[in-house]
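Analysis of the macromolecular model
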Amino acid sequence: MMLKLFLLFIFSLYVLITGIKILKQNILFGGTYFFLYLYSIFAQIGYGFFPEISEFVKAYFGKEYVYNFYWFNFLSFITFYFLFKIRFPLLKKKKPYKIVKSYRLSNFMLYIFIIVTIFIYELFYLITNYNSIAYGNASDSEFLNSSDSMYFVFSVIFKFMAALNIILYSQWRLKGEFNGLTFLKKKQILFAFLMYFFLFIFIAFKIGSRTDILALFLGILSFEYLLGINKIKLTKMFLSLLAVGSFLYFIQNNRVNEETKTLTATILLNDYYPPAHMLYTSMGLDYIKPFEVLKSNISNTFVKINYPYLQQPITELINSGVANRSQGYAFYLFTEGFVFMGYFGFIYNAFMLYLGLSIWYRIQNSTNKFYNIIIISTMCTQFANIARTQSSYFYKDIYMFFLPILILIYFSSGLRPRFSKNIRH
């Protein structure tokens, strides 16, 4: 008992010290680092001290895997940190791409048309399909397969609304400091943000989506952090954290039918608990499939291929019929290294994570400070998603998530990357 407590203390202390150092260098790397810790520490506490909770999710394989998981996971953090220390200074020296302004009234009108159309569509679909928009249906494969294309569009737009809220919030906050970020007036931006914000929160509440609400909150917090921190702002951020945490707890109680038996289970058995059990399962059942990792990541970098995510075959080993593309235990990112290389997979984990974040870093590394802040803030909405999915997410998001963001910023402000010296503007 004491040894396990001591080991978890050492691990937590190491992540705290090194995580703060990374965070000071870059919030994207640091935030991801801390969320990977969050998605592993509760699982380690539960598996090591309250095995009945891990048995409840059908992923308990004996005491020896407490230490197997611990050292593999810890080595993944250590290796990533040292790779970051060596490579990030070189990454920072990469020349940022230039931002130019090319105003076209037609683009601005298209931006207005897009945000108005998105709002009207989501509101209209919500009103006309109010009863079918619910937590049970949002993760029900039969409902999703039988639903029409309008529901698919509704759900895709909803997933993008957190980022759109961040764009509007950022442009509103920066309007007086850098007017070039949008052609709208400050009151107009605030009105649009509030309309989008309340619609987004209501839909998220209806479908029981805590992750999306957390994503929006993380984006706003990251934006404020990037603008600078003082005691007053820190107090406001802490109070906001308590408010959002209470609201997320309320949603959790609202979407779960059965009562939780113990306080321990109430704390541990949340969205952040099952994903790391994919790593316990892979270790316990010696699930090492390097070609499966390659096939799944390549296939899921693109859309409509419908090849299973890695969590699906692993979950099938312990709880058949539970997992599909829209539901399941989710997937702890560092599981990927074990499935690819076994116990030497901590090396894979460090390089895989650093490569993905480095590519995202290049996207947010322009010559325009405020342009960068908006993009980084939208990236920070994805912290939880990074920690609970596989590495194909890094590459799929480039065209599914970031490209639309860059286009919307361009339409609203005229700001765009300049990659050619010959382009006149």
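Relevant structure appears above.
Okay, so let's go over this structure. (Residues numbered from 1 in each chain as written. Predicted model: local features only at pLDDT ≥ 70, side-chain atom pairs only at ≥ 80, totals over all residues. Heavy atoms only, no water.)

The next point concerns the nonpolar core. Nonpolar side chains in soluble globular proteins tend to be buried together. In terms of nonpolar packing, the biggest core is built from 130 residues, with Phe29, Phe77, Phe80, Tyr332 and Leu353 touching the most fellow members. Considering each element in turn, this core owes the most residues, 14 residues, to helix H8 (residues 149-174). Beyond its immediate sequence surroundings of up to four residues, tyrosine 332 is in contact with Leu36, Tyr39, Ser40, Phe69, Asn73, Phe77, Pro275, Ala276, Leu279, Ala387 and Thr389. (Core = buried A, V, L, I, M, F, W, Y, C linked by side-chain atoms within 4.5 Å. Buried < 20%, exposed > 50% of the residue type's maximum accessible area, 1.4 Å probe, protein only. Helix = DSSP H or I, 4+ residues; strand = E, 2+ residues; numbered from the N terminus. Contact = heavy atoms within 4.5 Å.)

The subject of this paragraph is empty space enclosed by the protein. Taken as a whole and assessed by the stated rule, the structure comprises one cavity of 30 Å³ or more. In this structure, the largest cavity encloses a volume near 80 Å³. In terms of lining, the largest cavity is formed by Lys4, Leu7, Leu8, Gln44, Gly48, Phe49, Val66, Tyr67, Tyr70 and Tyr280. Elements supplying a minimum of two residues to the lining of the largest cavity: helix H1 (2-25), helix H2 (27-49) and helix H4 (64-92). Here the lining of the largest cavity is built from residues that sort into seven nonpolar, two polar and one charged. (1 Å grid on protein atoms, 1.4 Å probe; cavity = no way out; pocket = protein on both sides within 12 Å on 5 of 7 lines; lining within 4 Å. Points joined across faces, edges and corners; volume = space filled by probe spheres on them. Nonpolar A, V, L, I, M, F, W, Y, C, P; charged D, E, K, R; others polar.)

Looking at the second largest pocket, its volume works out to about 1,200 Å³. If you go around the second largest pocket, you meet 33 residues; those closest to its centre are Phe35, Leu38, Leu214, Leu218 and Leu241. Looking at the lining of the second largest pocket, the elements with two or more residues in it are H1, H2, helix H10 (210-227) and helix H11 (231-255). Taken together, the residues of the lining of the second largest pocket sort by class into 24 nonpolar, seven polar and two charged.

When two helices pack together, their arrangement is given by the angle between the helix axes and by the axis-to-axis distance. One way to put it is that helix H17 (residues 345-363) packs onto helix H20 (residues 392-413) with a least axis distance of 9 Å and a crossing angle of 20°. Judged by the inter-axis angle, H17 sits roughly parallel to H20. With respect to the hand of their crossing, H17 and H20 are arranged in right-handed fashion. Taken together, the residues of H20 that come into contact with H17 (itself represented by Met352, Leu353, Leu355, Gly356, Leu357, Ile359, Trp360 and Ile363) are Tyr393, Phe394, Tyr395, Asp397, Ile398 and Phe402. (Axes fitted to C-alpha atoms, helices over the stretch in contact; angles between N-to-C directions. Parallel < 35°, antiparallel > 145°, perpendicular 65-115°, else oblique. Left-handed = near helix turned anticlockwise from the far one by under 90°.)

In this section: the packing of helix H18 (residues 369-380) against H20. Look at H18 against H20: their axes get within 11 Å of each other, and the N-to-C directions meet at 145°. In terms of crossing hand, the pair formed by H18 and H20 is right-handed. Contact residues: H18 offers Tyr371, Ile374, Ile375, Thr378 and Met379, while H20 offers Phe401, Phe402, Ile405, Leu406 and Ile409. Across the contact of H18 with H20, the residue classes break down as nine nonpolar, one polar and no charged.

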